[in-house]
Amino acid sequence: MGNPWVYVATTAVLAWCAGSAQSLTFGLYARLPDSPTLTLEATLPLGAFDLEARLQRDALGLGLGSSLEFSALGRLSYGARASLGFAGWGVEGRIGGTFGPVAASLETGYSSALRSQLWVGDEAEGGLKVGLGGRYRLSPRETLGLGLGFKRNLAGLASGLGELSYALRQEQTYTFGLGVDDSRLYGILGWRGELDEAGTLLEATLRVGQLWRLEAALTAPLDEELDNLKLRLTAAYPWAATLGLEAYGFRADASYDGGFSLWLRYTLSFGGNE
Amino acid sequence: MKKWLAIALLSLGLVAAQSIAEITRQVQANLERAPWEATLTGKVQLPDGSTQEAEFRLQVIPGKEQLARVEFKKPAALEGNFVVISDKEVWNYLFLTNQLIIQPRAKGRVEGLGINLTDLGDFEQLSERVALRLLGEQTTPAGAAWRIGGVPKDPSLGFASMEILVLKADPRPLAITLRDSSNRVLADLSFSSFRRANLTPQALRKRPADAEVLRRN
């Protein structure tokens, strides 16, 4: 479980911060056959910025983010994070915005170790990564989507990803698209719509071709306080799967990608930014 | 003679002042009677200076816990976006990113297209922010209407003058025009399909369940 004093010190700091914190998330993460680790996440306001801190057994990450709001016209958000652990270090930055018919985002980062060694929730890849996303409204009912990604891992191997999609919104939203992930071609089929009067919403996306992946998310409103029950499922070939459950601040994520892992979390919200 | 003229002018001024206060009171009382909805259509000037066709659906539940929802139908780029305003919070929903941004009422920007649309549902608040005066009367297809002019008390409101038509028979706004200091029209909107409706807070707060909720202070 690592050095317990790290947790004691951090918990003391977090407890001190709790007076002004927006949220504290306590977690327990286990991946077989490794020993489990506690995870702690905190967000607190710092003037016009939000400070995010996250800690696990052997790594600490600090992030700073902010945004400009333009009411119904759009918004611009940006942030940066640095992580340091026994395994190495990592930095990442992001900027994203939407204004009128256009939304765009850019994320970039470099990590000298596998990102999952710096934060259990991140992918087991290191090196450079750049991601660009965009959405453009052709008409009130039609939206074009574009996703581009580039990665160069720690061994120096480069890979790219590109996706182009078209979404048509009627009562439900239908998405069609094409993608290429490291020379594997696939098609994209998506469906999103409400299932009942209460607003239970299902979104499912299937990528099919030289790569298979099904992503489905079911969200059901629980009350007027914006509490939802969320169920998430991902299944892919080569074999990988995740299952997530979330309600009233509790969150459980189980996954298999050659090894099993389980992450249990509970979030205390104190209001303010999230 | 001069003295009498001064008294007459002063009396006229007082009568006019009373009239606008009385009209404001009547509109407020009428709009507070029951939940209502209306469609606003016309033209607005966007921040880039271009003029666009605009259509909003305004829904208001009056009372102690007043709640208002503005849904954007036009410009096409904003269709699907909405704003919900309560006493404490402002919700801004952005369709393109499926995000719901929640801000405290005091800080939340509601102005959006240069006009706080919900002020039209809360005349008392409008008269607190804008110095109103009665300009005269006008005949409209809906019937006789008062023509009311206004100048913002706070220059940061984003316009230099406003003109509102208020229906006399059923005291409620019929049309609003906003102008900048060069007398250019910033917004020219007319109310249509005004009706009393059985609105519930749940209906006004309706949003996609999977929207990403972001709280900003």
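About the thresholds
Residues numbered from 1 in each chain as written. Chains lettered and ligands numbered in written order. Predicted model: local features only at pLDDT ≥ 70, side-chain atom pairs only at ≥ 80, totals over all residues. Heavy atoms only, no water. Contact = heavy atoms within 4.5 Å. Buried area = accessible area lost by both parts, 1.4 Å probe. Salt bridge = Lys/Arg side-chain N within 4 Å of Asp/Glu carboxyl O. Helix = DSSP H or I, 4+ residues; strand = E, 2+ residues; numbered from the N terminus. Buried < 20%, exposed > 50% of the residue type's maximum accessible area, 1.4 Å probe, protein only. Polar contact = N/O pair within 3.5 Å; in protein donor to acceptor, adjacent residues only side chain to side chain. Core = buried A, V, L, I, M, F, W, Y, C linked by side-chain atoms within 4.5 Å. Pairing = 2+ DSSP bridges.

Draft legend 1. Focus on the interface of chain A and chain B. Taken together, the contacts link 36 residues of chain A with 36 residues of chain B. For the pair chain A and chain B, the two sides together bury roughly 3200 Å², of which 54% comes from carbon and sulfur. Counting across the interface, chain A meets chain B through 7 salt bridges. Here Arg192(A) makes a salt bridge to Asp210(B), at a shortest N to O gap of 2.7 Å. Looking at the side of chain A that touches chain B element by element, the count peaks at 3 residues for strand β4 (residues 59-69) of chain A.

Draft legend 2. Geometry of the pattern of salt bridges. Residue and element names in this part refer to chain A. Scanning the entire structure with this criterion turns up 39 salt bridges over all chains. Between arginine 81 and glutamate 52 there is a salt bridge whose closest N-O contact spans 2.7 Å. Remark: glutamate 52 occurs in strand β3 (residues 49-56) and arginine 81 occurs in strand β5 (residues 74-85); sequence separation between them is 29 residues. With a shortest N-O distance of 2.8 Å, glutamate 246 and arginine 232 are connected by a salt bridge. On the criterion of sequence distance, the pair formed by glutamate 246 in strand β16 (residues 240-247) and arginine 232 in strand β15 (residues 228-237) is long-range, its members being 14 residues apart. Using a relative accessible area of 22% as the deciding quantity, one classes glutamate 246 as partly exposed. Classification of arginine 232 by relative accessible area gives partly exposed; the value is 28%. A cluster of three or more residues bridged by salt bridges with shared partners is formed by Glu41, Arg232, Glu246, Arg251, Asp253 and Arg265.

Draft legend 3. Molecular detail of the environment of Arg216(B). Tracing the chain through its elements places Arg216(B) in the segment after β12 (212-215). Between the C-alpha atoms of Arg216(B) and Gln103(B), which are 113 residues apart in sequence, the distance is 5.1 Å. In this structure the side chain of Arg216(B) is engaged in a polar contact, spanning 2.7 Å, whose partner is the side chain of Asp50(A). Side chain to side chain, Arg216(B) and Ser67(A) meet in a polar contact 3.2 Å long.

Draft legend 4. A look at the environment of Pro101(A). Inspection of the secondary structure puts Pro101(A) in the loop between β6 (89-99) and β7 (102-111). Judged by its relative accessible area of 26%, Pro101(A) falls in the partly exposed class. Sequence separation between Pro101(A) and Arg137(A) is 36 residues, and the spatial gap between their C-alpha atoms is 5.1 Å. Look past the residues within four positions of Pro101(A) in its chain and what remains in contact with it is Arg135(A), Tyr136(A), Arg137(A), Ala77(B) and Leu96(B).

Draft legend 5. Local environment of the side chain of Glu71(B). Residue and element names in this part refer to chain B. Along the chain, glutamate 71 turns up in strand β3 (residues 67-74). There is a polar contact of 2.8 Å between the side chain of glutamate 71 and the side chain of arginine 69. With near-sequence residues (within four places) excluded, glutamate 71 lies in contact with Glu55, Phe56, Arg57, Gln59, Asn81 and Phe82.

Draft legend 6. View of the nonpolar core. Residues and elements named next belong to chain B. One finds Trp36, Phe56, Met162 and Val166 to be the most contacted residues of the largest nonpolar core, which totals 40 residues. By residue number, the principal contributor to this core is strand β11 (residues 185-196), which donates 5 residues. For methionine 162, the residues in contact, after removing those within four places along its chain, are Leu126, Val130, Leu132, Ile148, Gly149, Gly150, Ile176, Thr177 and Leu178.

Draft legend 7. Structural context of the pairing of strand β4 (residues 82-85) of chain B. All names here are of chain B. Going residue by residue along β4, you find Phe82 and Val84 tucked away on one face and Val83 and Ile85 tucked away on the opposite face as well. Direction of pairing for β3 relative to β4: antiparallel, over a ladder of 4 bridges. When the bridges of β4 are listed, valine 70 appears paired with valine 83. Of the pairings in the sheet, the one linking β4 to strand β5 (residues 89-94) comprises 4 bridges and is antiparallel in character. Bridge assignment links phenylalanine 82 to a residue of β5, and that residue is tyrosine 93.

Draft legend 8. The pairing of strand β12 (residues 184-194) of chain A, seen in detail. Residue and element names in this part refer to chain A. Two elements, strand β11 (residues 173-181) and β12, share 9 bridges in a ladder whose sense is antiparallel. What sits directly across from tyrosine 174, in β12, is tryptophan 191. With 9 bridges connecting them, β12 and strand β13 (residues 201-209) associate as antiparallel partners. Bridging from a neighbouring strand, glycine 193 pairs with leucine 202 of β13. Hairpin geometry of β12 and β13 is characterised by an intervening segment of 6 residues between the two adjacent antiparallel strands and by a positive phi of about 100° at glycine 199.

Draft legend 9. The arrangement of unusual backbone geometry in detail. Residue Leu32(A) is joined to Pro33(A) through a cis peptide bond whose omega torsion reads 0°. Its location among the elements puts Pro33(A) in the loop between β1 (23-31) and β2 (37-46). Between Lys74(B) and Pro75(B) the backbone carries a cis peptide bond, its omega angle lying at 0°. Tracing the sequence through the fold places Pro75(B) in the loop between β3 and β4. Phi is positive for Ser71(A), which is not a glycine, with a value near 50°.

Read these as layout, nothing more, since geometry by itself doesn't imply function.
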